Number of protein chains: 2
Amino acid sequence: MLTQKAKYGLKAILMLAQRNSSEFTLVAEIADRQRAPRKYLELILLELRKHGFLHSQRGKNGGFRLARPPEQITFGQVIRVLDGPLAPFPCASLTGYRKCVDCSDEQVCAVRKQMRRVRDAMAAILDTTTLADAATPALARDVAADPAPAPIPA
Amino acid sequence: MLTQKAKYGLKAILMLAQRNSSEFTLVAEIADRQRAPRKYLELILLELRKHGFLHSQRGKNGGFRLARPPEQITFGQVIRVLDGPLAPFPCASLTGYRKCVDCSDEQVCAVRKQMRRVRDAMAAILDTTTLADAATPALARDVAADPAPAPIPA
DNA sequence: ATTGTCCCTACCGACTTACTAGGCAATACA
DNA sequence: TGTATTGCCTAGTAAGTCGGTAGGGACAAT
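So, how was this worked out
Residues numbered from 1 in each chain as written. Chains lettered and ligands numbered in written order. Predicted model: local features only at pLDDT ≥ 70, side-chain atom pairs only at ≥ 80, totals over all residues. Heavy atoms only, no water. Contact = heavy atoms within 4.5 Å. Buried area = accessible area lost by both parts, 1.4 Å probe. Salt bridge = Lys/Arg side-chain N within 4 Å of Asp/Glu carboxyl O. Polar contact = N/O pair within 3.5 Å; in protein donor to acceptor, adjacent residues only side chain to side chain. Helix = DSSP H or I, 4+ residues; strand = E, 2+ residues; numbered from the N terminus. Buried < 20%, exposed > 50% of the residue type's maximum accessible area, 1.4 Å probe, protein only. Near = heavy atom within 4 Å. Nonpolar A, V, L, I, M, F, W, Y, C, P; charged D, E, K, R; others polar. Phe/Tyr/Trp six-rings, centres within 6.5 Å; stacked < 30°, edge-to-face > 60°. Lys NZ or Arg CZ within 6 Å of the ring centre and 35° of its normal.

Enquirer: Which residues make up the interface of chain A and chain B, and what are the values?
Expert: Taken together, the contacts link 44 residues of chain A with 44 residues of chain B. Interface of chain A and chain B: buried area, both sides summed, is about 4,000 Å²; carbon and sulfur atoms make up 67% of it. Joining chain A to chain B, the criterion identifies four salt bridges. At the boundary of chain A with chain B, the tally comes to nine residue pairs in polar contact (both at pLDDT 80 or more). Elements represented by at least two residues in the side of chain A that touches chain B include exactly α1 (4-18), α4 (75-83) and α5 (110-126) of chain A.

Enquirer: Any details on the environment of B:Phe75? Residues and values, ideally.
Expert: Residue position: B:Phe75 is located in helix α4 (residues 75-83). According to the relative accessible area criterion, B:Phe75 is buried, its value standing at 1%. Counting along the chain gives 43 residues from B:Phe75 to B:Val118, while the straight-line C-alpha distance between them is 17 Å. The contacts of B:Phe75, once residues within four sequence positions are left out, are A:Gln114, A:Met115, B:Leu10, B:Leu14, B:Leu126, B:Thr129, B:Thr130, B:Leu131 and B:Ala134.

Enquirer: Give me the lowdown on the protein's contact with DNA strand C, citing residues and values where you can.
Expert: In the vicinity of DNA strand C lie 27 residues, with A:Val27, A:Glu42, A:Leu46, A:Ser56 and B:Lys39 positioned nearest. Here DNA strand C approaches the protein such that, of its atoms within 4 Å, sugar and phosphate make up 67%. Here a base nitrogen of DNA strand C sits 3.4 Å away from a polar atom, N or O, in the side chain of A:Lys39. One nitrogen or oxygen atom from the side chain of B:Tyr8 is found 3.1 Å from a phosphate oxygen belonging to DNA strand C. Among the elements that take part in the surface near DNA strand C, helix α3 (residues 38-50) of chain A stands out by supplying five residues, more than any other. In the surface near DNA strand C, the residues fall into nine nonpolar, ten polar and eight charged.

Enquirer: Quick rundown of the packing of aromatic side chains? Include the residues and the values.
Expert: One pass over the full model with this rule turns up two aromatic pairs over all chains. Considering the side-chain rings of A:Tyr8 and A:Tyr40, the 6.1 Å spacing of their centres and the 85° angle between planes classify their relative orientation as edge-to-face. Of this pair, A:Tyr8 sits in helix α1 while A:Tyr40 is found in helix α3, placing the two residues 32 residues apart along the sequence. A:Tyr8 sits in the buried class, given a relative accessible area of 10%. One cation-aromatic arrangement involves A:Lys7 over B:Phe89; the distance from NZ or CZ to the ring centre is 5.5 Å.

Enquirer: Outline the protein's contact with DNA strand D, listing residues and values.
Expert: Taken together, the neighbourhood of DNA strand D is formed by 27 residues, with A:Lys39, A:Arg58, B:Glu42, B:Leu46 and B:Ser56 sitting nearest. In DNA strand D, atoms within 4 Å of the protein come from the sugar-phosphate backbone in 67% of cases. With respect to DNA strand D, the side chain of A:Tyr8 contributes an N or O atom lying 3.1 Å from a phosphate oxygen. B:Arg49 has a polar side-chain atom sitting 2.9 Å from a phosphate oxygen of DNA strand D. Looking at side-chain class alone, the surface near DNA strand D contains nine nonpolar, nine polar and nine charged residues.

Laid out in structure tokens, this is it:
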């Protein structure tokens, strides 16, 4: 299970992906639309910025926008920043590997072996699905900014 | 990420799956071999028993054994009992569904949509992999009871 | 100078995790 | 019958995490 933080973060960054990439969007507006606590969301966006996903500007007409094109940001990257490794156990993780203290020989541990399969299956989805993939307006109205301007007529 | 509890539980039940199914194994022995705190493991095994995975007997020569053949117990079943739903978010879960309070229309939420894919991928592995699948001694020496009798010579 | 915005640090209550403690209850065996 | 052995049950608990809140400082536009 992921945390609420990751959920807010994913929804927020996906909303930015659907906006015009050159414009800044206010935290308050994102919070409002995604029904997230403003101050809490602020912390999350700051974290995403610190890791290079977002660009921000202060003062009037400030806000946040993507720092890279949405084709270059995956769900997996965002989740790892906000919630840590994908794998069910640290011993089955590639990016956040930590040895099992209660395992005499990891190489043959059957539990780890299965969890590695699970990790791979998760990564196969999350590391290949980009914001652009998920942000096609027709499929993502809930996260979208505008009240659905019917993008592809009949 | 799953918890330590699920890890202990999986290793323990898998160890039992590799034993002769008619014999009882002591909590103390399982704890010892899996390097788990005895009293804590006891709670976990009790929980697995309460959910019908294990059978137990008290007094001398007592202990735990599987309540069903290992072909009929999946990783997914065990994990759900010890750690709850598999899905990244409750709104993407089948067995533990709970509505998203911060979502105006779940049906079109792009985040949920991707998380549903992840859930399905996880379930495809965890709900089809049984203890019997994982417990072939040659592949699971770490979790096995005996000190590895070299199963397939050269 | 003022207003609007992000930025930073600190704090907090509730809950969960990963245990530990202690004793009761049943079973086997002498 | 007694006693040792084992699981069964309830409680407690220290440390950490989650999901926020609070308050102000830095900076940009006007």
